[in-house]
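# Secondary and tertiary structure notes
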Amino acid sequence: MTIPFAQVDVFASGPFTGNPAAVVRPPTGSYPSEGWLADVARELACTNTAFVWPTGDGPHRLRWFTAGGAEVDRCGHATLATVHDLVETGDARPGTAVRFTTRIGELTATAGEAGVALDLPVDEARPCPAPDGLLDALGCDAVDVGRSSDDYVVVVDDEPTVAALTPDLAALAAVECRGVIVTAPADDTTGARTDVVLRFFGPRVGVPEDHVTGTAHGPLAPLWCERLGGRTSYVARQLSPRGGTVHVELDGDRVRIRGRAVTVLRGSILSPP
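Described in the following lines is the structure provided in the data block. (Residues numbered from 1 in each chain as written. Predicted model: local features only at pLDDT ≥ 70, side-chain atom pairs only at ≥ 80, totals over all residues. Heavy atoms only, no water.)

## Here's the deal with the packing of aromatic side chains
Scanning all chains against the criterion turns up three aromatic pairs. Judged by centre distance (5.4 Å) and plane angle (40°), the rings of Y31 and W53 are tilted. Of this pair, Y31 sits in the loop between β2 (19-24) and α1 (34-44) while W53 sits in strand β3 (residues 48-53); the two residues are 22 residues apart in sequence, bridging distant segments of the chain. The exposure class assigned to Y31 is partly exposed, which follows from its relative accessible area of 44%. Judged by relative accessible area, which is 0%, W53 ranks as buried. These aromatic residues form a ring-pair network of at least three members: W36, F51 and F65. Of note, R61 hangs over the ring of W53, and the distance from its end group to the ring centre comes to 5.2 Å. Sitting over the face of the ring of W224, R227 holds its NZ or CZ atom 5.9 Å from the ring centroid. (Phe/Tyr/Trp six-rings, centres within 6.5 Å; stacked < 30°, edge-to-face > 60°. Helix = DSSP H or I, 4+ residues; strand = E, 2+ residues; numbered from the N terminus. Buried < 20%, exposed > 50% of the residue type's maximum accessible area, 1.4 Å probe, protein only. Lys NZ or Arg CZ within 6 Å of the ring centre and 35° of its normal.)

## What to know about the pairing of β2
Burial of β2 is extensive: six of the six residues sit out of reach of the surface. Because side chains alternate across β2, one face comprises the buried residues N19, A21 and V23, and the other comprises P20, A22 and V24, equally buried. Here strand β1 (residues 2-10) runs beside β2; their pairing, made up of six bridges, is antiparallel. The partner of F5 across the bridge, within β2, is V24. (Pairing = 2+ DSSP bridges.)

## Points about unusual backbone geometry
Look at F16: it is not a glycine, yet its phi comes out positive at around 70°. Tracing the backbone shows F16 in the loop between β1 and β2.

## Topic: the layout of surface pockets
Looking at the largest pocket, its volume works out to about 230 Å³. If you go around the largest pocket, you meet 13 residues; those closest to its centre are E124, A125, P127, L223 and R227. Going through the elements one at a time, β10 (144-147), β11 (151-155) and α6 (217-227) are the ones with two or more residues in the lining of the largest pocket. The element best represented in the lining of the largest pocket is α6, accounting for five residues. Its residues assigned to classes, the lining of the largest pocket comprises eight nonpolar, one polar and four charged. Space inside the second largest pocket adds up to approximately 180 Å³. Taken together, G56, D57, G58, P59, H60, D91, A92, R93, T96, A97, V98 and R99 make up the full set of residues lining the second largest pocket. Broken down by class, the residue content of the lining of the second largest pocket amounts to four nonpolar, four polar and four charged. (1 Å grid on protein atoms, 1.4 Å probe; cavity = no way out; pocket = protein on both sides within 12 Å on 5 of 7 lines; lining within 4 Å. Points joined across faces, edges and corners; volume = space filled by probe spheres on them. Nonpolar A, V, L, I, M, F, W, Y, C, P; charged D, E, K, R; others polar.)

Scope: geometric values only; no functional claims are made or implied.
In structure tokens form, the structure reads like this:
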């Protein structure tokens, strides 16, 4: 017996852009060991692999593991990849909200003509001093530093500073957090029609640099909507080598992130022993 999987590029302008995620769909009632889930995630080597189980009429069960085999509490792009795959295979309907039970509660996502959208809770980054070693590891100065439930948020002066970062990943892995988001206002002379730029480094959980990070906007949405003059939406561009664009809307204590997705690979994995 084998288990189907798909690889989906999310926040993508086409195949081989944006952030790849694997979607693995063990059969209902089959709950492999955490060791097997971690091994599969390492084998598929996407930034994150989503494991999803249908539960009849209730929310799907959803878990995420990084390419390093670590389970994480939240992952935006792999959730969007999951909805895209469910719709593409006929297991969910376009335009209909798909519900998931996760480690951070219930999440809802929808696939439509404008792309795939995910509703997330705001995860505000509280201002704090930079922890020892953080700025030295990044090799930059900070305008502001904050801490969300998972990540440090480091605001720097401008887009060129974000683009030029070459952090010491070994030193950054010593900072106790899921990851570090470095962000700045977009350079409005580039004509890219974006408002915000960022990069995300998560060496502590096996993600040296993420391609495009949807959950980064849990803390970034309230920060940037305020700094952009009280707006309720913005467009963000992640300056990783693959890059990608995220459309972000803030609605009270909820954040909606949206991007396009494309399936680039389908296959099957041997069932756990």
